[in-house]
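Observations on the three-dimensional arrangement
Each chain, written out:
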Amino acid sequence: MAVLCGNSPETCYTKYGAIALKTRSCHEFALRILLQCLESHANRYGRYIEPLLSLSIDFYCRVFVRVHTGQAMCKQSTSKLGHVYQCVGCESLAIQPLGKLSTHKQGAQQMKYCLPTGPPVDRECAHCGNGHHIGGPIWIAPIHNHTFVTDLLQSLDEEKFQTFPRMVGMLSMVLEELQDIPLYYELARLCNITKQSQGKVTLYLSALLNAGYRVSLTHANKHGIKTDAPNTFIWAMMRAWARKEGRKSNLSDGSPGKTIMEKKDDLDDTVSFEEHPLANPESRKNSLKRFQMNPEANWGPKMRSKTSTLKNMENRKKIKNQGKYTKKKLSEEGDSNAKKLRTDDGSS
């Protein structure tokens, strides 16, 4: 999971054929890299995948896909994949698809495959003036099948599963996610960049909904929000929040947050934090178990087991070989000194 989340981009490329970025949406990024890898391997044999359910849970990824056969449909794979541009400073995201689909002039039955224009960003970020990192390609099409997840949720039996409450909570959040929006922003990180205190999540969701944009939470991050609002409005929302709170942020000169907060835009005056009736999703309103707390301290993946079927022979071998290179070096130095002494005695 660490490789897929950007800790080692070169290793990620050798294993999955994509570059991972260190981003706050790294868990969904990992899912989309994994789906891209499956799609690329399926395409080599004239097949393509249909993601049914893709989850980032605890410390692992789990994806359920259906594999179809069809050479014609394989040609649409380029429109399902794309590169990600992430600003080095403010971490704004932009997607560049690898391909584009359009209707053929001969009729709607035939599709036309085109190359997209790009890149979607300038050489320098329009918000903070920094450069960009490029990651991917990743899967930018939907990662869930709404019908499959709905049937799965209805088929759950509380008597069969001890983790029934969490399963219901996770699947309910999946149904509420925006399917056509890849990746998400983390509210805590947005507030950290602009040096502000974070308010209620429903206030930010209301601001986006009042502006006419779609927004949802995500199962991959407790503070993550998925929205089709442009980055320009997101930073305008943060400036409006700072003005609403009336707190002066201590931003250093030249920092991305300082550049963003000093900008003025007409959108700043249009942001409204008035509570929207759809700002509180049903899973949150019904207090479903969405993000489970760790059952104990230091819970999670640990070192591999030390047990051995060779009755501790492995540990004895380690002890025997401890410092063998040092011993070998000392032995060689001793032999060379002895030869030198014998040479000196012979010459005299």
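In this text, all values refer to a predicted model and were calculated from it rather than measured experimentally.

Next up on the list: the overall build of the chain. From N to C terminus, the chain includes twelve helices and ten strands. Taking 2.2 N^0.38 as the reference for a compact globule, 348 residues should give roughly 20 Å; the C-alpha atoms of the chain span a radius of gyration of 28 Å, well beyond that estimate. The C-alpha extent of the chain, read off along each of the three principal axes, is 100 × 55 × 55 Å. A burial count over the chain gives 39% of its 348 residues as buried. Split by element, the accessible area of the chain, about 21,000 Å² in all, is 51% carbon and sulfur. The distance from the centre of the 49 positive side-chain charges to the centre of the 34 negative ones in the chain is 7 Å.

What follows is about the packing of helix α4 (residues 146-155) against helix α5 (residues 164-176). Between α4 and α5, the shortest axis-to-axis distance is 10 Å and the interhelical angle comes to 155°. Classed by the angle they form, the pair α4 and α5 counts as roughly antiparallel. In the packing of α4 onto α5, the handedness of the crossing is left-handed. Of the residues in α5, those touching α4 at His146, Val149, Thr150, Leu152 and Leu153 are Val168, Leu171, Ser172, Val174 and Leu175. Across the contact of α4 with α5, the residue classes tally to seven nonpolar, three polar and no charged.

Another aspect to go through is the sheet that holds strand β7 (residues 132-139). Strand order in the open sheet formed by three strands is β4-β3-β7, and the pairing between neighbours is antiparallel. Whereas interior strands pair on both sides, the edge strands pair on one side only; in this sheet they are β4 (93-97) and β7. Neighbouring strand axes in the sheet, compared pairwise and without regard to direction, differ in orientation by 25° on average. Here strand β3 (residues 81-87) pairs with β4 via five bridges, running antiparallel. Opposite Gln86, over in β4, you have Leu93 as the bridge partner. Against the sheet, helix α2 (residues 26-43) engages β3 and β7, with an angle of about 55° to β7.

Scoring rules and cut-offs
Residues numbered from 1 in each chain as written. Predicted model: local features only at pLDDT ≥ 70, side-chain atom pairs only at ≥ 80, totals over all residues. Heavy atoms only, no water. Helix = DSSP H or I, 4+ residues; strand = E, 2+ residues; numbered from the N terminus. Rg over C-alpha atoms; globule rule 2.2 N^0.38 Å. Buried < 20%, exposed > 50% of the residue type's maximum accessible area, 1.4 Å probe, protein only. Areas by Shrake-Rupley, 256 points an atom, 1.4 Å probe, with all protein chains shown as cover. Lys, Arg positive; Asp, Glu negative; His and termini not counted. Charge placed at Lys NZ, Arg CZ, Asp CG, Glu CD. Axes fitted to C-alpha atoms, helices over the stretch in contact; angles between N-to-C directions. Parallel < 35°, antiparallel > 145°, perpendicular 65-115°, else oblique. Left-handed = near helix turned anticlockwise from the far one by under 90°. Contact = heavy atoms within 4.5 Å. Nonpolar A, V, L, I, M, F, W, Y, C, P; charged D, E, K, R; others polar. Pairing = 2+ DSSP bridges.

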